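Residue-level structure breakdown
Chain by chain, the residues run as shown.
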Amino acid sequence: MKRKNSGGHFDIAQKSEKKDLLEKESLDESFWNDSKHAKAVMKEFETLKSQIKSYQNLESAVEDVQVLLEFFEEDSSEANQQELETAIKVTQDKLTDLQLKKMLSGQLDQNSAYLLINAGAGGTESCDWADMLCRMYLRYAERHGHTASIIDYTEGDGAGYRNVTIQIDGDFAYGYLKAENGVHRLVRVSPFDANNRRHTSFCSVFVYAQVDDDIDIEVTEDDLIFEAIRASGAGGQKVNKTSSAVRLTHKPSGIVVRCQSERSQHQNRVSAMKMLKARLYEKELEKKNKEKQKVEDSKMDIGWGSQIRSYVLHPYQMIKDHRTSIDSGQTGKVLDGEIDEFIKEYLLRYG
């Protein structure tokens, strides 16, 4: 399968000129009088700044390869060959980074994200699998310098989670993690089976973008059912055990959100409203843009035949993405958050 065309020539001069104009505009005394416009300008400025930096890094890497190639032509020793091959690999990685940053120019791609994991077929096994996936995404966020926290969860029967929601704050968190939408399948010898039999478990992952406070999403009190509920589970490292958890139901859409990560009911309500607005905004975008429908299409039945990726730990060790055919035998590293290879390949192919 061929990769999706990344969209033509990267005009560094044009982007630099645009960045300079935006920077000049931001220095005007009246710039922040219109906060909504100012935030949009600064967001575009930061995007261009990041793209230009990636281009400059690539340019520098190409120059390094050219110098090392000259050295290798004069002395084709094994040491020079290895140094050249390493430099070429670095250059390829920087090219991929630039391609991705150019592609991730959607309205929400630069935003932070919410990530919802639901256990599917497989009972206790699937709940434990949800816990493993939760850890994988928390480690991924940590590796990328993002701030991540569990803001809501329901414990499974005996282990893990029936569902868990993670808030991930960081540039382009949504743009990259949207590649994780779909069903994830685990095959392993069950730690909960006294007969050491092999089990297959499923979880669905749904990622949606956090929306800016200045985006106008109208939610009236009459449209809401507000409930103060008790936090799930035993607290500890997961969330604080309080009696101030909040559940909001948006009657017109049927969307339900919960938050229990904060100590006060007021803080949880604020966070829940932010989650609700993000879900409503995503829903509205899907209506206006048919291309967004692929997100919903990926939310298939959580069971056989619908998985986007399989994680096989027995009888052999292999993780394979069924959309791109990319696989890895480094199961421990992947489950520890090293999922960039899968994400990047998916985005390069499907954007």
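The structure reproduced in this document is the subject of the present report. These figures come from a predicted structure and were not determined experimentally. (Residues numbered from 1 in each chain as written. Predicted model: local features only at pLDDT ≥ 70, side-chain atom pairs only at ≥ 80, totals over all residues. Heavy atoms only, no water.)

A few words on the overall build of the chain. When helices and strands are tallied, the chain shows nine helices and 11 strands. The buried share among the 351 residues of the chain stands at 46%. Pairs at least 24 apart in sequence give 65% of the contacts found in the chain among residues at least 6 apart. Per element, the accessible surface of the chain, about 18500 Å² overall, is 46% carbon and sulfur. (Helix = DSSP H or I, 4+ residues; strand = E, 2+ residues; numbered from the N terminus. Buried < 20%, exposed > 50% of the residue type's maximum accessible area, 1.4 Å probe, protein only. Contact = heavy atoms within 4.5 Å. Areas by Shrake-Rupley, 256 points an atom, 1.4 Å probe, with all protein chains shown as cover.)

Turning next to the sheet that holds strand β6 (residues 224–229). With respect to topology, three strands assemble into an open sheet ordered β6-β7-β8, the strand pairing being antiparallel. Edge strands, defined here as strands with exactly one partner in the open sheet, are β6 and β8 (255–259). On average, each strand axis in the sheet is tilted by 15° relative to the strand beside it, whichever way the strands run. (Pairing = 2+ DSSP bridges. Axes fitted to C-alpha atoms, helices over the stretch in contact; angles between N-to-C directions.)

Going from H314 to P315, the amide bond is cis rather than trans, its omega being 10°. Tracing the backbone shows P315 in the loop between β9 (307–312) and β10 (318–321). Even without glycine at this site, F172 takes up a positive phi of about 65°. With respect to the helices and strands, the residue F172 is situated in the loop between β3 (161–169) and α5 (173–177). Despite not being glycine, N196 has its phi angle at roughly 55°, a positive value.

Our next topic: the pattern of salt bridges. This structure, assessed with the given rule, holds 20 salt bridges. Where D109 meets K178, a salt bridge forms, and the shortest distance between an N and an O atom there is 2.8 Å. Residue D109 is found in the loop between α3 (78–103) and β1 (113–119), and its partner K178 is found in the loop between α5 and β4 (182–189); the two are separated by 69 residues along the sequence. Bridged by salt links that share partners, the residues R135, R139, E142, R143, D336 and E338 form one connected network. (Salt bridge = Lys/Arg side-chain N within 4 Å of Asp/Glu carboxyl O.)

Note on sheets: strands pair through backbone hydrogen bonds, and any given pair is parallel or antiparallel. With mixed pairing, eight strands are arranged side by side in an open sheet as β2-β3-β1-β5-β4-β9-β10-β11. Edge positions in the sheet fall to β2 (147–155) and β11 (327–328), since each has one partner strand and no second. Alignment of β4 against β9, held across five bridges, turns out to be parallel. Of the residues in β9, the one forming a bridge with L186 is Y311. Of the strands in this sheet, β1, β2, β3, β4, β5 (198–209) and β9 touch helix α4 (residues 124–143), which is tilted by about 45° from β5.

A few words now on helix α9 (residues 340–350). Every buried residue of α9 is accounted for by F342, I343, E345, Y346, L347, L348 and R349. Just past α9, the residue G351 takes up positive phi, approximately 65°.

Now for the packing of aromatic side chains. By the definition in use, this model includes six aromatic pairs. Between F31 and W32 the ring centres are 5.2 Å apart and the planes differ by 80°, which places this aromatic pair in the edge-to-face class. Given a relative accessible area of 5%, F31 falls into the buried group. Measuring from ring centre to ring centre gives 5.1 Å for Y346 and Y350, while their planes differ by 45°; the resulting arrangement is tilted. A residue pair is termed a helical-turn pair when its members lie 3 or 4 positions apart in one helix, as Y346 and Y350 do in helix α9 at four residues. (Phe/Tyr/Trp six-rings, centres within 6.5 Å; stacked < 30°, edge-to-face > 60°.)

Once that is clear, we can look at the nonpolar core. The biggest cluster of nonpolar side chains holds 64 residues, and the ones touching the most others in it are L115, I117, L133, Y137 and Y311. Once residues lying within four places of it in the same chain are set aside, the contact partners of Y137 are L115, I117, I166, L177, E180, H184, V205 and I339. With six residues, the next largest nonpolar core counts L22, F31, A38 and V41 among its residues. (Core = buried A, V, L, I, M, F, W, Y, C linked by side-chain atoms within 4.5 Å.)

Taking 1.5 Å per residue as the helical rise, helix α1 (residues 12–26) with its 15 residues ought to reach 21 Å, and the 21 Å between its terminal C-alpha atoms agrees with that figure. Buried residues of α1: K15, K19, L22 and S26, and no others. Seen end-on, α1 carries its buried residues on one side only, within an arc spanning 65°. Seen from the buried face of α1, the exposed residues on the opposite side, beyond 90 degrees, are A13, Q14, E17, L21 and K24. Packed against the buried residues of α1 are α2 (35–74). (Expected span 1.5 Å × (residues − 1). Arc of directions from axis to C-beta.)

It is worth stressing that arrangement in space is one thing and function is another; only the former is reported here.
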